[in-house]
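Listed below are the residues making up each chain.
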Amino acid sequence: MSTMTAGDRPVARRKFDGWRWSGRVFLAFMLFFTVMPMAWMLITSLKTGFAAMQYPPQWWPAEPTLDNYTRLVDPRSKVGQDFLRYFWNSMFVSTVSTVLAVVVAVPAAYAFSRFRFPGRNFLFFAVLMRNMFPAVIFLVPLFILMRLLGLANTHGSLVITYLTFGLPLAIWLLKGFYDNIPIQLEQAARIDGATRFQAFFFIVMPLSTPGIIATAIYSFIGAWNEYIYAYTFLTKHEQLTLPVGIQRFFSENATDWPGLMAATFMMSVPVVVLFLVLQKYFVRALTEGAVKH
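Not measured: the values here are computed from a predicted model.

Asker: Is there a simple way to think about the overall build of the protein in this case?
Answerer: Helix and strand counts for the protein come out as 13 helices and zero strands. Counting the 293 residues in the protein, one finds 35% classified as buried. Of the contacts made within the protein by residues no fewer than 6 positions apart, 70% connect residues no fewer than 24 positions apart. Carbon together with sulfur atoms contributes 70% to the accessible area of the protein, which is approximately 18,800 Å² in total.

Asker: What exactly am I supposed to notice about the packing of aromatic side chains here?
Answerer: Aromatic rings in a pair are described by how distant their centres are and how their planes are angled relative to each other. One pass over the full model with this rule turns up 17 aromatic pairs. When the ring of Tyr110 is compared with that of Phe200, the centres are 4.6 Å apart and the planes differ by 55 degrees; the resulting orientation is tilted. Of this pair, Tyr110 sits in helix α4 (residues 78–114) while Phe200 sits in helix α9 (residues 196–207); the two residues are 90 residues apart in sequence, bridging distant segments of the chain. Each member of the pair, Tyr110 as well as Phe200, is classed as buried. Every member of this aromatic cluster is reached through a ring pair, and the members are Phe138, Phe143, Phe165, Tyr229 and Phe233. Across from the ring centre of Trp21, 4.7 Å away, lies the NZ or CZ of Arg24, which sits over that ring.

Asker: Would you mind going over the nonpolar core with me for this structure?
Answerer: The nonpolar side chains of a soluble globular protein tend to be buried, and buried together. Ranked by internal contacts, the top residues of the largest apolar core, which has 53 residues, are Val106, Leu158, Leu174, Tyr178, Tyr229, Phe233 and Leu242. Excluding anything up to four places from it in sequence, Phe233 contacts Leu139, Leu142, Phe143, Met146, Ala152, Asn153, Ser157, Leu158 and Thr161.

Asker: What am I meant to see in empty space enclosed by the protein here?
Answerer: Take a probe with the size of a water molecule and roll it over the atoms, and the empty space left behind shows itself. Scanning the model with the defined rule gives one cavity of 30 Å³ or more in all. As for the largest cavity, its lining consists of Ser90, Val93, Ser94, Tyr162, Ala223, Trp224, Glu226, Ala230, Thr241 and Pro243. When residues in the lining of the largest cavity are grouped by element, the largest group, three residues, is from α4. Among the residues forming the lining of the largest cavity, the class breakdown is six nonpolar, three polar and one charged.

Asker: Sorry if this is basic, but what is going on with the packing of α4 against helix α10 (residues 209–225) here?
Answerer: Two quantities define a packed helix pair, namely the angle between the axes and the distance from one axis to the other. Viewed as axis vectors pointing N to C, α4 and α10 meet at an angle of 145 degrees, and their least axial separation amounts to 8 Å. For α4 against α10, the interelement crossing comes out right-handed. Across the interface between the two elements, Phe87, Ser90, Met91, Ser94, Thr95, Ser97, Thr98, Ala101, Val102 and Val106 from α4 touch Ile212, Ala216, Ser219, Phe220, Ala223 and Trp224 from α10. Of the residues belonging to the contact of α4 with α10, the class tally is 10 nonpolar, six polar and no charged.

Asker: So what exactly am I meant to see when it comes to the pattern of salt bridges here?
Answerer: Opposite charge on two side chains permits them to pair, given that their charged atoms come into close proximity. For the structure on display, the rule yields five salt bridges. The salt bridge involving Asp74 is made with Arg76; its shortest N-O contact spans 3.1 Å. In this structure, Glu186 engages Arg114 in a salt bridge whose closest nitrogen and oxygen atoms are separated by 2.5 Å. Of the two residues, Glu186 is situated in helix α8 (residues 183–191) and Arg114 in helix α4; the sequence distance between them amounts to 72 residues. The class for Arg114 is buried, based on a relative accessible area of 14%. It is possible to trace a salt-bridge network through shared partners that takes in Lys78, Asp82 and Arg85.

Asker: I would appreciate a short explanation of the packing of α9 against α10 in the present structure.
Answerer: Two elements in contact, α9 and α10, have axes whose closest approach is 4 Å; the angle formed by their N-to-C orientations is 65 degrees. Contacts between α9 and α10 involve Met205, Pro206 and Leu207 from the first element and Thr209, Pro210 and Ile212 from the second. A breakdown of the residues in the contact of α9 with α10 according to their chemical character gives five nonpolar, one polar and no charged.

Conventions we followed
- Residues numbered from 1 in each chain as written.
- Predicted model: local features only at pLDDT ≥ 70, side-chain atom pairs only at ≥ 80, totals over all residues.
- Heavy atoms only, no water.
- Helix = DSSP H or I, 4+ residues; strand = E, 2+ residues; numbered from the N terminus.
- Buried < 20%, exposed > 50% of the residue type's maximum accessible area, 1.4 Å probe, protein only.
- Contact = heavy atoms within 4.5 Å.
- Areas by Shrake-Rupley, 256 points an atom, 1.4 Å probe, with all protein chains shown as cover.
- Phe/Tyr/Trp six-rings, centres within 6.5 Å; stacked < 30°, edge-to-face > 60°.
- Lys NZ or Arg CZ within 6 Å of the ring centre and 35° of its normal.
- Core = buried A, V, L, I, M, F, W, Y, C linked by side-chain atoms within 4.5 Å.
- 1 Å grid on protein atoms, 1.4 Å probe; cavity = no way out; pocket = protein on both sides within 12 Å on 5 of 7 lines; lining within 4 Å.
- Points joined across faces, edges and corners; volume = space filled by probe spheres on them.
- Nonpolar A, V, L, I, M, F, W, Y, C, P; charged D, E, K, R; others polar.
- Axes fitted to C-alpha atoms, helices over the stretch in contact; angles between N-to-C directions.
- Left-handed = near helix turned anticlockwise from the far one by under 90°.
- Salt bridge = Lys/Arg side-chain N within 4 Å of Asp/Glu carboxyl O.

Given below as structure tokens:
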């Protein structure tokens, strides 16, 4: 009688999982759908003006060039001076808006999460109610307000406007993080002699780092990409931000498509770098700040 060893046993075939493969195909399609425009933008930025207008289009330029990028970062050229000025204006407005949004949203969200006071729920939902309306509805009233305050054609008008739009969601995001942090940790710190501020700063703040980082990224991206209010509030050439400034690559007779694509690609670099730099802190905060109930 023949015996069957363990090595002779037939290997069980894994059953085909249609849902799993459907999900993989869908994710691959979405990845292609997302990456393809960025790849085409990068390829076009490496072309000359003549190559960019060829039909059928060249999928890869025969003679790639970096002249479009060197023009943008060369302070000696008119294009470089304008682009660097727009870049600095966008960086200044976005950074100030982000810092102020985090500074205001952190104590506001903590107060909504920990304290009970009359009208708390009404005030919280009233803050969120602003997001129910399109941003363009507030364009004319805010413009008139900035004129009355003497802030027209200043970056301060954009900072105040971006805070108006970014704070409601920032407060809502941070409140969700504070709600998930056990209040017993603060109570234990208070028993050990810490003040409420010390308990908040040394206990709650480290655990809420993921929420603060997510709020900062959201505020920065929103201010960096905003166009309508920057286009309406700013008319002076030296005050323009990048989303408004790069439209100068368009002209009545022709459009510098390679230069426009290069400027647009460089505009996306700070947002990508910001996310990549803060991603490790985000993951580390999730693991180190985890609390088991």
